[in-house]
Amino acid sequence: MADILILCKVVDNYGDIGFVYRLARALSALDGTLRLTLVVSDLPSFAYMAPGLNAAVPFQRYEGWDVLDWNDAETCARWCRSHDVRVILECFQCGRPDWLDGYLFGGGLPAGQTAHIINVEYLTAESWAEDFHLLKSGTRSAMVRKVNFMPGFTARTGGLLLDRPFLDLLADRAGAAGKLKNFLPAFDPAACNVLVFSYEKDFAPVVRAFDRYHAAGGKLEACLASGRGAASFLSAYGREKCSFPLISLPGLPQEAWDALLVSCDVLFVRGEESFARSCLSGLPFVWHAYRQDEAFHLVKLAALLERMRGFFLPEDFSLLAEFFILYNSDDVCGSCGCQGGNRGAEAMGAEALGAVESLCPGLPAKLADGAFAARRLEELAYAFLKGRERLAPCFRAFSRSLLSNGDLAARLLAYIQSVG
């Protein structure tokens, strides 16, 4: 088989490269003869989770793959000219570097040879994912063909990555916790461990709920991931004079991160990679979606909640939906204390307003009251922690439905083989 080029332009530190790293490992596990090359724009972020990768070297061999620094055009162009590139995985709308377009459209592609660009899209629960999956799009050359490949939550999409190392950890949570001892000796498997990985937000209502649960005998321990949201969590933790134990996590290899995630009891996660792992984990989780103009992230959140609705009792789902929305509404309700701008329904575009109103009638109008939103978020976070054991079977049923959809890596490999 010809070379498969996997492109990753790192935008948000860890989620995009985390997915690409996991995808490469999964593809290699499915077929050890594949010739994979990873082209990454931020090697330090890759090295953060990939032990032994040298972030200062523009070309290296790692885990049987070639790894190239996207930004070193000369090295990459030279590599391209000496290899048979027929499949390019363009991950998360990352585009293509000029040196690669020069190869594809500037005479580098051998005469008569066809190249296939597979646009591996962002994960979404929205219904349009089914329509766009395997939809072809044009390029400026008949010899370069492009198709969209949609991860998703139904059998009519590409599904989620079901990589064997992660599934093995899910099947042996006690063993996963044991593996953590080398990385996190302070981790207490007997506690109610809550993983927090977020974007920036006002965490005061959430840490108050954590502290109430801990003070009531819940023995809560928070594991705080580094990154964009860590400072805002630490600030709220200090302001509220919280008493629950807090572990500020060091940089963890992907395998250790997976072991931590499945060893925790409750997950507060963000982004793409950890969000997908949480959906598969069967653990109670809440997702912090990437903030978008006109609160469009609430549309994406609502689509996920609609996928989850059937696995919960109506009264539980109603509270869960409100909790998810309030957790994602700092910029809408104004509880974060930022100055200026609209609040409540006025801050939402029409689609966001309709999505939230459909899930939680009357809630958009209440979001203009920041004090109400903060108070209600604390109540719901506390109820979520208290009800975690009752809700856990519902999250497990949701996870099983995703596992039954099939493996993204296997489906992607089958498509590559059909065109390669």
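Look up a bit, the structure's there.
Just so we're clear, the structure is a prediction, and the values are computed from it rather than from any experiment. (Residues numbered from 1 in each chain as written. Predicted model: local features only at pLDDT ≥ 70, side-chain atom pairs only at ≥ 80, totals over all residues. Heavy atoms only, no water.)

Caption draft 1: Here's a closer look at the sheet that holds strand β3 (residues 59–62). In spatial order, the strands read β3-β4-β2-β1-β5-β6-β8-β7; together these 8 strands make up an open sheet with mixed pairing. Of all strands in the sheet, those with a lone pairing partner are β3 and β7 (136–137), marking the two edges. The pairing of β7 with strand β8 (residues 144–149) spans 2 bridges and is classified as antiparallel. Bridged to Ser 137 within β8 is Lys 146. (Pairing = 2+ DSSP bridges. Helix = DSSP H or I, 4+ residues; strand = E, 2+ residues; numbered from the N terminus.)

Caption draft 2: Summary view of unusual backbone geometry. Notably, Leu 134 is not glycine yet its phi reads approximately 65°, a positive angle. Under the relative-accessibility criterion, Leu 134 is labelled partly exposed at 37%. The phi dihedral of Glu 294 is positive, around 55°, even though this residue is not glycine. Looking at the element boundaries, Glu 294 is found in the loop between β13 (285–288) and α12 (297–308). A relative accessible area of 58% means that Glu 294 is categorised as exposed. (Buried < 20%, exposed > 50% of the residue type's maximum accessible area, 1.4 Å probe, protein only.)

Caption draft 3: Region of interest: helix α10 (residues 254–263). In terms of residue burial, α10 counts as a mostly covered element, since 9 of its 10 residues are buried. Within α10, burial applies to Gln 254, Ala 256, Trp 257, Asp 258, Ala 259, Leu 260, Leu 261, Val 262 and Ser 263.

Caption draft 4: Summary view of the pairing of β8. For β8, a buried count of 5 out of 6 residues is recorded, marking the element as mostly surrounded by other parts of the structure. Bridge analysis of strand β6 (residues 115–120) against β8 gives 6 bridges, and the strand direction is parallel. The residue bridging Ala 115 from the neighbouring strand is Val 144, located in β8. Between the antiparallel neighbours β7 and β8 lie 6 residues.

Caption draft 5: Local environment of the packing of helix α1 (residues 15–30) against α10. Axis separation between α1 and α10 bottoms out at 11 Å; the angle between their running directions is 100°. Judged on the interaxial angle alone, α10 and α1 are roughly perpendicular. The segment α1 lies against α10, with Gly 18, Tyr 21, Arg 22 and Arg 25 engaging Gln 254, Glu 255 and Asp 258. Class assignment for the residues of the contact of α1 with α10 results in 1 nonpolar, 2 polar and 4 charged. (Axes fitted to C-alpha atoms, helices over the stretch in contact; angles between N-to-C directions. Parallel < 35°, antiparallel > 145°, perpendicular 65-115°, else oblique. Contact = heavy atoms within 4.5 Å. Nonpolar A, V, L, I, M, F, W, Y, C, P; charged D, E, K, R; others polar.)

Caption draft 6: A look at the packing of aromatic side chains. For the structure shown, the criterion picks out 30 aromatic pairs. Of note, Arg 25 hangs over the ring of Tyr 21, and the distance from its end group to the ring centre comes to 5.1 Å. Looking at Lys 201, its charged tip hangs above the ring of Tyr 327, at a distance of 4.3 Å from the centre. (Phe/Tyr/Trp six-rings, centres within 6.5 Å; stacked < 30°, edge-to-face > 60°. Lys NZ or Arg CZ within 6 Å of the ring centre and 35° of its normal.)

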